[in-house]
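Structural overview for review
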2 protein chains.
Amino acid sequence: MCGTEQALVIKSSKNSSVPQATDNNGSMQNHPSEAIINLDHGDPTMYESYWKKLGQKHNLTIPGFQSLSYFSNIKNLCWFLEPKLEQEIKMLHNIVGNAIIKDHHIIVGTGSSQLIMAALFALSEPLNQPNPINVVSPAPYYSSYPEMTDLLRSGLFKWGGDANTYDHKDEPYIEMVTSPNNPDGVIRKPVVITNGAKGMLVHDLVYYWPQYTAITSPADHDIMLFTVSKCTGHAGSRIGWALVRDENVAKKMVKFIEVNTIGVSKEAQLRAANILETISVSCQKIKSRDLENFFEYSHNLLVERWKKLREAIKKNELFCVAKFPLQYCNFSGDFTESYPAFAWMKCKDGVDCEKLLKEHKILSRSGRRFGSDPEYVRVSMLSRDEEIDVFLKRLPTILDCK
Amino acid sequence: MCGTEQALVIKSSKNSSVPQATDNNGSMQNHPSEAIINLDHGDPTMYESYWKKLGQKHNLTIPGFQSLSYFSNIKNLCWFLEPKLEQEIKMLHNIVGNAIIKDHHIIVGTGSSQLIMAALFALSEPLNQPNPINVVSPAPYYSSYPEMTDLLRSGLFKWGGDANTYDHKDEPYIEMVTSPNNPDGVIRKPVVITNGAKGMLVHDLVYYWPQYTAITSPADHDIMLFTVSKCTGHAGSRIGWALVRDENVAKKMVKFIEVNTIGVSKEAQLRAANILETISVSCQKIKSRDLENFFEYSHNLLVERWKKLREAIKKNELFCVAKFPLQYCNFSGDFTESYPAFAWMKCKDGVDCEKLLKEHKILSRSGRRFGSDPEYVRVSMLSRDEEIDVFLKRLPTILDCK
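Residues numbered from 1 in each chain as written. Chains lettered and ligands numbered in written order. Predicted model: local features only at pLDDT ≥ 70, side-chain atom pairs only at ≥ 80, totals over all residues. Heavy atoms only, no water.

1. What about the environment of E175(A)?
Residues and elements named next belong to chain A. Note the threshold: Each helix is a run of H or I in the DSSP string that is no shorter than four residues. Each strand is a run of E no shorter than two, and both are numbered from the N terminus. Here the term buried applies to any residue with accessible area under 20% of the maximum for its type, exposed to any over 50%, and partly exposed to those in between, with areas from a 1.4 Å probe on protein chains only. Should any heavy atoms of two residues lie within 4.5 Å, those residues are considered in contact.
Within the secondary structure layout, E175 lies in strand β6 (residues 173-178). By relative accessible area, E175 is classed as buried at 1%. It is 9.5 Å that separates the C-alpha atoms of E175 and G160, two residues lying 15 residues apart in sequence. The contact partners of E175, leaving out residues within four places of it in the chain, are V136, P138, A163, K189, P190, V191, V192, M200, L201 and V202.

2. So, the relation of the copies chain A and chain B
What counts here: Here the copies are matched by least squares. The fit uses the C-alpha atoms of residues with pLDDT of at least 70 in both.
The transformation that overlays chain A on chain B combines an axial shift of 0.0 Å with a rotation of 180 degrees, and the residual RMSD is 0.0 Å. The transformation just described matches what one would write down for a two-fold rotation axis. Counting the interface residues of chain A, we find that 100% of their copies in chain B are interface residues as well, pointing to one common contact surface.

3. A few points about the packing of helix α3 (residues 111-124) of chain B against helix α6 (residues 247-261) of chain B
All names here are of chain B. Formally: Interaxial angle, 0 to 180 degrees, is taken between N-to-C directions of lines fitted to C-alpha atoms, where a helix line uses only the stretch in contact. Under this scheme an angle from 65 to 115 degrees is roughly perpendicular, one under 35 degrees roughly parallel, and one over 145 degrees roughly antiparallel; angles in between are oblique. Should the near helix be turned anticlockwise from the far one by less than a right angle, the crossing is left-handed, and should it be turned clockwise, the crossing is right-handed. Think of it as three bins: nonpolar holds Ala, Val, Leu, Ile, Met, Phe, Trp, Tyr, Cys and Pro, charged holds Asp, Glu, Lys and Arg, and polar takes everything else, Gly as well.
Put simply, α3 and α6 touch, their axes get as near as 8 Å, and they point 125 degrees apart. Looking at the two axes, α3 sits oblique to α6. Crossing hand, α3 versus α6: right-handed. Here Q114, L115, M117, A118, A119, F121, A122 and L123 of α3 lie close against α6, whose contacting residues are V249, K252, M253, F256, I257, N260 and T261. For the contact of α3 with α6, a count of residues per class yields eleven nonpolar, three polar and one charged.

4. Some details on the interface of chain A and chain B
Rules: Accessible area that two parts lose when put together, with a 1.4 Å probe and added across both, is what the buried area reports. A carboxyl oxygen of Asp or Glu within 4 Å of a side-chain nitrogen of Lys or Arg is what we treat as a salt bridge. A 3.5 Å cut-off defines polar contacts: any pair of N or O atoms within that distance qualifies, except that in protein one atom must be a possible hydrogen donor and the other a possible acceptor, and neighbouring residues in sequence count only when both atoms are side-chain atoms.
On the side of chain B, 94 residues touch chain A, which itself brings 94 residues to the contact. Across the interface of chain A and chain B, roughly 7,800 Å² is buried in total on both sides, 56% from carbon and sulfur atoms. Considering only the surface of chain A that becomes buried against chain B, L68(A), Y70(A) and L152(A) emerge as the three largest contributors, covering 10% of it. The interface formed by chain A and chain B includes four salt bridges. When the shortest N-O distance is used, the salt bridge between R271(B) and E267(A) registers 2.5 Å. The interface formed by chain A and chain B includes 44 residue pairs in polar contact (both at pLDDT 80 or more). Elements represented by at least two residues in the side of chain A that touches chain B include exactly α1 (48-54), β2 (60-62), β3 (105-110), α3 (111-124), α4 (144-150), α5 (228-231), α6 (247-261) and α7 (266-282) of chain A.

5. Here we look at the sheet that holds strand β16 (residues 376-380) of chain B
Residues and elements named next belong to chain B. Short version of the rule: Whether two strands pair depends on DSSP finding at least two bridges between them.
Taken in spatial order, the four strands line up as β10-β13-β16-β15 in an open sheet, and their pairing is antiparallel. Lying at the two open borders of the sheet, with one neighbouring strand each, are β10 (319-320) and β15 (365-366). In this fold helix α9 (residues 294-314) packs onto β10 and β13 (342-347), with an angle of close to 10 degrees to the strand it touches most, β13.

6. Overview of the confidence of the model for chain A
Applicable threshold: Scored from 0 to 100, pLDDT reflects the predictor's confidence in each residue.
Looking at chain A, pLDDT values average 91 and 91% of them are 70 or higher. Confidence drops under pLDDT 50 across residues 1-21 of chain A; counting only partners more than four residues distant or on other chains, this segment forms 101 contacts.

7. A look at the pattern of salt bridges
All names here are of chain A. Tallied over the entire structure, the rule returns 34 salt bridges over all chains. D385 is the salt-bridge partner of R305, the closest N and O atoms lying 2.9 Å from each other. Of this pair, R305 sits in helix α9 (residues 294-314) while D385 sits in helix α11 (residues 385-394), placing them 80 residues apart in sequence. Salt bridges here are not isolated pairs; linked through shared partners, they connect K84, E88 and E277.

8. Some remarks on empty space enclosed by the protein
What counts here: With a 1 Å grid spanning the protein atoms alone, the term cavity applies to any set of points in which a 1.4 Å probe fits but cannot get out, the term pocket to an open set with protein on both sides within 12 Å along at least five of seven lines, and the term lining residue to any residue with an atom within 4 Å of a point. Grid points are joined across faces, edges and corners, and a volume is the space filled by probe spheres set on the points.
By the definition in use, this model includes three cavities of 30 Å³ or more. In this structure, the largest cavity occupies an estimated 60 Å³ of space. Lining the largest cavity are M117(A), L151(A), L152(A), F256(A), N260(A), M117(B), L151(B), L152(B), F256(B) and N260(B). When contributions to the lining of the largest cavity are tallied by element, the ones reaching two or more residues are α6 of chain A together with α6 of chain B. Looking at the lining of the largest cavity, its residues break down into eight nonpolar, two polar and no charged. Of the volumes computed, that of the second largest cavity is approximately 40 Å³.

9. Some details on the sheet that holds strand β5 (residues 157-162) of chain B
All names here are of chain B. Taken together, seven strands build an open sheet; the order of strands is β3-β9-β8-β7-β6-β4-β5 and the sheet is mixed. What marks the edges here is a single partner per strand, and that holds for β3 (105-110) and β5. The average angle at which neighbouring strand axes cross in this sheet is 25 degrees, direction not considered. Alignment of strand β4 (residues 133-137) against strand β6 (residues 173-178), held across three bridges, turns out to be parallel. Directly across from N134, in β6, lies its bridge partner Y173.

10. What about the domain arrangement of chain A?
Residue and element names in this part refer to chain A. The criterion, for reference: These domain limits were set by an automatic method or by a database of domain assignments.
Taken domain by domain, chain A consists of domain 1 (37-53 + 295-397) and domain 2 (67-282). A separation of 25 Å is found between the C-alpha centroids of domain 1 and domain 2. Listed by partner, the interface residues are 29 residues for domain 1 and 35 residues for domain 2. Buried surface at the junction of domain 1 and domain 2, summed over both partners, amounts to about 2,700 Å²; 61% is from carbon and sulfur atoms. The largest share of the area that domain 1 buries against domain 2 comes from W51, F295 and F370, three residues that together contribute 27% of it. The interface formed by domain 1 and domain 2 holds 13 residue pairs in polar contact (both at pLDDT 80 or more) in total. Looking at the side of domain 1 that touches domain 2 residue by residue, the class counts come to 17 nonpolar, nine polar and three charged.

11. Considering α6(A)
Residue and element names in this part refer to chain A. Basically, it comes down to this: Residue count minus one, scaled by 1.5 Å, sets the expected span of a helix.
The terminal C-alpha atoms of α6, which comprises 15 residues, lie 21 Å apart, in line with the 21 Å expected from a rise of 1.5 Å per residue. Residues of α6 that are buried include every one of V249, A250, M253, V254, F256, I257, E258, V259, N260 and T261, and no others. N-cap assignment for α6: the residue whose side-chain oxygen lies 3.0 Å from the backbone N of N248 is D246. Of the residues trailing α6, I262 is marked for its positive phi of about 45 degrees.

12. Focus on the packing of helix α2 (residues 83-96) of chain A against α7(A)
A pair of packed helices is characterised by two quantities: the angle between their axes and the separation of those axes. Residue and element names in this part refer to chain A. Running from N to C, α2 and α7 cross one another at 30 degrees; their axes reach a closest spacing of 9 Å. Classified by the angle their axes make, α2 and α7 are roughly parallel. The handedness of the crossing between α2 and α7 comes out as left-handed. When α2 is examined against α7, the residues K84, L85, E88, I89, M91, L92 and I95 are found in contact with a partner set consisting of Q269, A272, A273, L276, E277, I279 and S280.

13. A few points about the environment of E387(A)
Among the secondary structure elements, E387(A) is positioned in helix α11. C-alpha of E387(A) to C-alpha of L39(A): the two residues are 348 residues apart in sequence and 8.5 Å apart in space.

14. Digging into α7(A)
Helix length check: α7(A) (17 residues) gives 24 Å between terminal C-alpha atoms against 24 Å at 1.5 Å per residue, within 8%. α7(A) sits mainly inside the fold: 15 of its 17 residues count as buried.

15. Quick word on the pairing of strand β9 (residues 239-244) of chain A
Residues and elements named next belong to chain A. Of all six residues making up β9, six are buried, and the element is well covered by its neighbours. Across the two faces of β9 the burial is the same, with I239, W241 and L243 and G240, A242 and V244 all buried. For β3 and β9, the ladder comprises six bridges, and the chain directions are antiparallel. Within the sheet, the bridge partner assigned to G109 lies in β9 and is G240.

16. Points about the pairing of strand β5 (residues 157-162) of chain A
Residues and elements named next belong to chain A. As a reminder of what qualifies: When the strands point away from the viewer, a crossover counts as right-handed if the path from the first strand over the helix to the second runs clockwise.
With five bridges joining them, strand β4 (residues 133-137) and β5 adopt parallel strand pairing. Considered in β5, the bridge of N134 is made with K158. Note on the crossover from β4 through α4 to β5: the handedness is right-handed.

17. Let's talk about the packing of aromatic side chains
Rule in force here: Aromatic pairing here means that ring centres of Phe, Tyr or Trp (its six-membered ring) are within 6.5 Å. Orientation follows from the plane angle: under 30 degrees is stacked, over 60 is edge-to-face, and everything else is tilted.
One pass over the structure, following the stated rule, counts 46 aromatic pairs over all chains. Both rings, one in Y207(A) and one in Y212(A), keep their centres 5.5 Å apart while their planes meet at 75 degrees; by these two values the pair is edge-to-face. For the residue pair Y207(A) and Y212(A), the accessibility class agrees, reading buried in each case. Centre to centre, the rings of W344(B) and Y376(B) are 4.9 Å apart; their planes meet at 15 degrees, and the pair counts as stacked. Of this pair, W344(B) sits in strand β13 while Y376(B) sits in strand β16, and the two are 32 residues apart along the sequence. You can call W344(B) buried: its relative accessible area is 12%.

Below you can see the structure in the form of C-alpha cells.
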C-alpha cells in the first residue's frame, strides 16, 4: 500500500472514452450486471458505513465568524496548524503506537501529496546542486511519484526510477520508502546501498494503520507522512500530516506550503481533528461506550473482503495474489496477516490484465504505471460494498479468450 | 490591490527577531501603546465584525459521514468542484456584475495561490519550450509572484521581472494583470507591447469587489482569478476560483491541482458556498430581511478607515498616499473612489519607510519587495479595528530623526 491516491483518471462527460454507469459521486446507477466498476483509484468509500452508523452525533459545526485569519498559531513553527488537530494527531499516534511523535515537528498539508512535494523541496533546495537530484523508489512504486516529481520540470529534483537498479554514484538522492507499499502491501525498508550520508529518506506511511497491517513497532524516521484519507476514509478533506525530526527541514516544508497554498483549510483541519478524536475515543474501552472500535470494524471489513477475493481467485486460475506473513500486532494484541487497501493481482504470463478486466467493465490500474509488468493490476479494496460485491461475483467468470 | 497574501513573514517563538505582542491568532495582548502592530500581511480580520453580528444563524454543519470521497462531480471537467459552490459562485458574479461567467469553466483551488501556479503550468507546459518562459508584471507587483514562480526552479516558467521594461523578443511570455493592483490599488490593463499572439495573460482580480473599488463593467478575460479571502474575509478556508475560457487550459489547470493536492477540501468548499450564499442574499433587498448588505457594510468600514488614514497623514508631512479617481459603480449605483485593501504609502525621499515604521513597532512590507523603492511600504487596511486604531494614532507621531 502506500502513497496517496493520485493521477485519478477522470473522464468528463464530454470526453469520456468509457460509458458512464455511475452517478456524480461514482456510485453505481445501472443494474449491477451492467455496471462499470471503477477500482482504478483508491477512493475510500468503504468507510462511509462506519460513519453513517454514528449518525449526527459526530457532526462538526462551524459558525460564519470562525477561522477567518490565515493564522492558526503564530507561535508554532507550522503557523497554519490548528492546535486541536495537533493534539488529536498526537493522541491517536500514542493510542495506536504506529509512530514516535517525540522530537518530531508536526506539519499539516493539503493531503499527503502536498507533503511529498514539500519534503522533496525541503531536502533538495538547501543542497544547491547544479542539476536536479534523483528521487527513486523500488518497483512496484506508487504510480504518482514520477508524475508529481516531474510535473514542473524542477531544477531541484527529478524522477530517477526504480531504486532497485539505481546507482547513486556518490551523489545526493532521495528514496521514497513506502510501507506498507502501494500497490503491493509489502512492508519495506530502504533499498539503495549507500556508504555516505547522501541518501535521504522520506517514509510514506499512509497505510501503516491497524486495519491494514500489524503494528509491530512505532516508526521513528526523519520524515514520516500520514493522511486521514487512508486512516479514517475522509479523502475529501485533503488533510495529511508529516512528522519531521530536523527543524530546518520542517521549516522548509512549511515554506513550501506557505508559497504553494498559504497554509491548509481550517475547516478541513477542524473536521479532521473531530474525526481523529472520535477514533481515539472508540479505541479506549472506558470511554467508548456504544462506539465501536474504528480499527476493529475496518479490519473486519477488510478481512472479509480479502477472504472473498481469495475464494474468487481460487475459482479462476487466471489470477493470483500474494500471501502475507502472520505478524504480532501490538495494537490489537493478536497475530494478523496484512489486508491491504489494494489487491496487487497477477494474470498468467502474456495477459494484459488491465485490458482484460476492462473488457469485463472493471477499471483497474496496470502494473506498467507502477514500473512493473502489464500482467499486474492494482485493484482498490476500499470501494463501497456493492461495487466490491459485483467485482467479486464477476471475477470467477472472466476467461482468457486468447 | 491584487494577488493573494503570500510570503507571510512568520516568526516562530523560538526564532523571533521581534518581540511577540500578540496572542496565537495575532490579536493584541499588550497595552496598545506598547503593542507591535503587524500590518505586513493582508490578514482580512476586519470582516470578523460582520460575521459576528450574524451569530450562529449562518453556521455550517457537516456530519461525519459526508464527503469522504475524493470526487464531487465526476461528470464535471473540474471533478473536485462541489456543485453547491459552483452554483453560488455563479450567483454572486451575476449579482455583483464583476465578471462574465458565460463560456467560462469554473475551477476551484486551494486559495488563488494554487490557481496562479496552475495557470502558469497550464499556459507554459503545452508550448514545450527548451527554456522556461518569462512571467512578468509591472512594478509595483504583488510580492509573491517572483517567489511562487521560482520556488521549484521550474523548467516551464521563471520570473521575468518588471513588465514595464520587459522585451519579449517575440518569445512566449505570461503577464500577470493584477487589477485592482496589489500593492497600490490601481486599475490595470496589460502593459507589454506585443504584435503576435505569444503574450498570454492571467487576470488576478481578487480585489475586484465593490467594497474596494467601483464595478465599472463585468470582466471578461481568458483566465480570471478570485478568492473568498479577499471577497468575504475567510482567508482560513483557502478557497479560490478561476474562470477559464479555453477548455484545454482548464483541463491542464485541473491536472495541476490533481497532482499537487488531489483536489480541494470539501469542507472548505461547502463553507465557502454557504458564505457566498449569505452574501448574495444580503445584496437582494427582497430576500435580505434583517441581513445588512455585506458589500455596503465592508465598503463603509473601508471608507472610514481611509478617511482617518488621510487625516493622520495630513498631520505628518513625512508620508503621502495617492488619490483615486471617482468612478461610477454599477453595483452600488453611485460614484465612488477606490478604498483599497492596502495603503501604498510613500515616505519622503531617502527614508527607508519599512525600517522607520518598524522602529515605531509597526510591521509593514517594504517597496523593495514589490520591485519598487524603499521609500514605499505596503500597509494592510484589513486588520481588526483595534490594530488599525493604534496604527492611525501612532502615525502622526512618527518623526524622521535622520
